[in-house]
Amino acid sequence: MSIHLWVRAESRPHEERTGLTPQGAARLIAAGFRVTVEDSRQRIIPIADYAAAGCATAPEFGWPDAPEGAVIFGLKELPDDGTPLRHRHIMFGHAYKGQPAGQVLLGRFRAGGGRLLDLEYLMDDDGRRVAAFGYWAGYAGAAVALLCWMAQQRGQVAGPVRAYPSAAHLLGDLQSGLVALGATRPTALIIGALGRVGAGAADLCGAMGVPVTKWDMAETAHGGPFPQVLAHDIFLNCILARPGTPVFVPASAKVAARRLTVIGDIACDPDSDFSPIKVYDRTTTWDAPALRVHDAPVLDVTAIDNLPSMMPTESSEDFAAQLLPHLATLDRMDSGVWAGAQAWFDRAMDQTGR
């Protein structure tokens, strides 16, 4: 089966990442794929690089008019305009855990007859995701939490965050801010420290001299409560919400005696029924990264759901390298990771009244 992969532009502000590099596109073309890449005003890689690699190009946001058989590939959410979706879409859908926006998205696929191949549910035989931005999400999430803590030391709420040309630029910015505050460093507790997200968070903290307590499944198996979370300055949640996930921060934590002043919910799923952090109910943004949920004592939550785009070059190259071998099997969509993704979609549609 000949595959036409259509790489769409991202409509979300501050989303500079891509899941396919020009080098990867050239490999797909050499294998017989047709690849079209939309122009984009914000993608970190210029459209000219894709054209030089042999890709066809298309206007920004032209994917609704793509040929019927094209597979539309993007990362973050589609424009929320309610239009029926008739294509197969590869993206992070955030639609299978009861999220309200996800139910709307599934309704659009139902109306148009298309299918969602959710990047979060591309899994190997052991149930492990084959491609993830996890490391860089953890790295950036810890950085933003640290920015929130530094703002608190100045009696402020953290201001807007931005993308950086490289991780080194981010580290330099953080180091300057910490030096200006003196020798004090916060303590951090990471839950999910053995995973990719946790590893990124721990590496950022280590680079900044922040002492870290690392927890994973063994430390949370008893199901709580977890008073140790409140005994650290910063708590970084790197565990995806799912049935059975313990509550790490109950609503009562707002008024509890605590050292905790910053929660970095890097997994960032506040509207899921299974969210382990019960002191907030919405994501935060690049323009307003900190949500102040209590004043005395102060408690800020940061929960940005496209954190890796703060370092779009490293995160795109890393993710694209992980995903490329699986994109190369799209011509065998009824087997392997794609069959599994389709099964997840079918179950979700059945549960919501296909």
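Residues numbered from 1 in each chain as written. Predicted model: local features only at pLDDT ≥ 70, side-chain atom pairs only at ≥ 80, totals over all residues. Heavy atoms only, no water.

### Topic: the sheet that holds strand S9 (residues 234-237)
No. 1: Taken in spatial order, the six strands of this open sheet run S8-S7-S9-S10-S12-S11, and their pairing is mixed. The sheet is open, and its two edges are formed by strand S8 (212-215) and strand S11 (291-295), each paired on a single side. Shown here is a sheet whose adjacent strand axes are inclined to one another by a mean of 15°, direction ignored.
No. 2: Judged from the four bridges that link them, strand S7 (residues 188-191) and S9 form a sheet pairing that is parallel. Looking across to S9, one finds that Leu189 is bridged to Phe235.
No. 3: Across the face of the sheet, helix H4 (residues 134-153) comes into contact with S9, strand S10 (262-265), S11 and strand S12 (298-302) while running at roughly 160° to S9. (Pairing = 2+ DSSP bridges. Helix = DSSP H or I, 4+ residues; strand = E, 2+ residues; numbered from the N terminus. Axes fitted to C-alpha atoms, helices over the stretch in contact; angles between N-to-C directions. Contact = heavy atoms within 4.5 Å.)

### Some remarks on the state of the cysteines
No. 1: For the structure shown, the criterion picks out zero disulfides.
No. 2: Here Cys148 stays unpaired: no disulfide links it, and the sulfur of Cys268, its closest cysteine neighbor, is 13 Å away.
No. 3: For the unlinked cysteine Cys205, the closest cysteine sulfur is that of Cys238, found at 9.0 Å.
No. 4: We classify Cys205 as buried; its relative accessible area is 5%. (Disulfide = S-S within 2.5 Å. Buried < 20%, exposed > 50% of the residue type's maximum accessible area, 1.4 Å probe, protein only.)

### Regarding the packing of aromatic side chains
No. 1: Counted according to the given criterion, the structure contains 13 aromatic pairs.
No. 2: Counting every residue linked through ring pairs, the aromatic cluster contains Trp215, Phe226, Phe235 and Phe248.
No. 3: Geometry around Phe133 places Arg17 over its ring, the cationic atom sitting 4.3 Å from the centre.
No. 4: Here the guanidinium or amino end of Arg347 rests over the ring plane of Trp344, the centre of that ring lying 4.8 Å away. (Phe/Tyr/Trp six-rings, centres within 6.5 Å; stacked < 30°, edge-to-face > 60°. Lys NZ or Arg CZ within 6 Å of the ring centre and 35° of its normal.)

### Considering helix H6 (residues 196-207)
No. 1: Compared with an ideal rise of 1.5 Å per residue, which puts twelve residues at 16 Å, H6 spans 17 Å between its outermost C-alpha atoms and is within 8% of the ideal.
No. 2: Buried residues along H6 sit against H4, helix H5 (167-181), S7, S8 and S9.
No. 3: A positive backbone phi angle near 70° is found at Gly209, which sits one or two residues after H6. (Expected span 1.5 Å × (residues − 1).)

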